[in-house]
Amino acid sequence: MVDVHRYHEISESTHRIMNPLAPEQVVLLGEICGLGHDQRQLDLASGKGEMLCQLASRHGIAGVGIDVFFPYTTVATARADELGVSHLLEFLEGDAATYASEPASFDVVSCIGASWIGGGLAGTLDLMVRAVRGGGWLLMGKPYVQNDPSPAVHEQLCEGGDFVDLAGTLVRFEDAGLDLVEMVLATEETWDRYAASQWLNVAQWLDEHAHDPDAADVRAIRDHLRRSYLAHGRHHLGWGVFVLRCR
Ligand SMILES: C[S@@+](CC[C@H](N)C(=O)[O-])C[C@H]1O[C@@H](n2cnc3c(N)ncnc32)[C@H](O)[C@@H]1O
């Protein structure tokens, strides 16, 4: 079976942002947090580093991004160079769950699209809370269910995750001692852009790698994800970045 990172490297080969938000929504998050020059952000599972690079470029923040997949940290470092913010940002390869930051040392701590890394949402929020200074911001990007799926569809949607609706998501944040103060949600259009652009990337890769040993697996995963998105995900799965502060 093809490695999950390898699959996403292929399916998201043209993506700078590996989540269903539009670029302007990522920028909006920086505005919501009122970011400025003297501030620092820690981004857990930073992918290709686009959020930190954009926020450093627009708001002058400094930051650290950690991702377990080395090719992405290389892309992130090159992007920081390209945008002239490499003196502000550091991208590290590693398991973000074990990153030992100085406690309460960041103004913003984000985890966008990897809410499981701390052993589940509660554990990941706990990691984030430890790293953020008093009065700082947490940005948690994750899926939620919507439009009341049947239990069978709900189970298919979660596929190893544990997602609830928006009200249930609020309860989980409250249980973690956090106040939900804002949110930026993907729209049907931005979800389609994220999902459908991956189909084309995979189709092009398959054209160019017909004899690759991973080709059959890559095609099977793409087929499964495409069918599941069109059958259920598009209607029943939402995605958002939730802006949180410690109570
Ligand atoms: C859906 S992508 C999101 C990337 C980025 N946050 C973004 O929104 O563009 C999930 C990322 O989590 C990373 N990842 C998964 N488990 C990780 C871990 N334990 N520590 C650090 N990164 C991890 C993957 O390599 C991938 O880059």
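In the block above lies the structure referred to throughout.
Residues numbered from 1 in each chain as written. Predicted model: local features only at pLDDT ≥ 70, side-chain atom pairs only at ≥ 80, totals over all residues. Heavy atoms only, no water.

Novice: Sorry, what's going on with the packing of aromatic side chains here?
Specialist: Remark: the centre distance and the inter-plane angle together describe each pair of aromatic rings, the angle taken between the planes. A full pass over the atoms with the stated rule returns 6 aromatic pairs. Geometrically, the ring pair formed by Tyr144 and Phe242 is edge-to-face, given 6.4 Å between the ring centres and 75 degrees between the ring planes. A residue pair is termed long-range when its members are at least 10 positions apart, and Tyr144 in strand β5 (residues 132–145) and Phe242 in strand β7 (residues 237–246) qualify at 98 residues. Assessed through its relative accessible area of 4%, Tyr144 is described here as buried. Accessibility expressed as a relative area gives 1% for Phe242, which makes it buried. (Phe/Tyr/Trp six-rings, centres within 6.5 Å; stacked < 30°, edge-to-face > 60°. Helix = DSSP H or I, 4+ residues; strand = E, 2+ residues; numbered from the N terminus. Buried < 20%, exposed > 50% of the residue type's maximum accessible area, 1.4 Å probe, protein only.)

Novice: Help me understand unusual backbone geometry in this model?
Specialist: Across the chain, the bulk of peptide bonds are trans and the bulk of non-glycine residues have phi less than zero. The backbone phi angle of Ala45 is positive, close to 65 degrees, even though this residue is not glycine. Mapped onto the elements, Ala45 comes out in the loop between β1 (40–44) and α3 (50–59). For Asn147, which is not glycine, the phi dihedral falls at a positive 60 degrees. Following the sequence through the fold, Asn147 ends up in the loop between β5 and α6 (151–158).

Remember, this is a structural readout, not a statement about activity or role.
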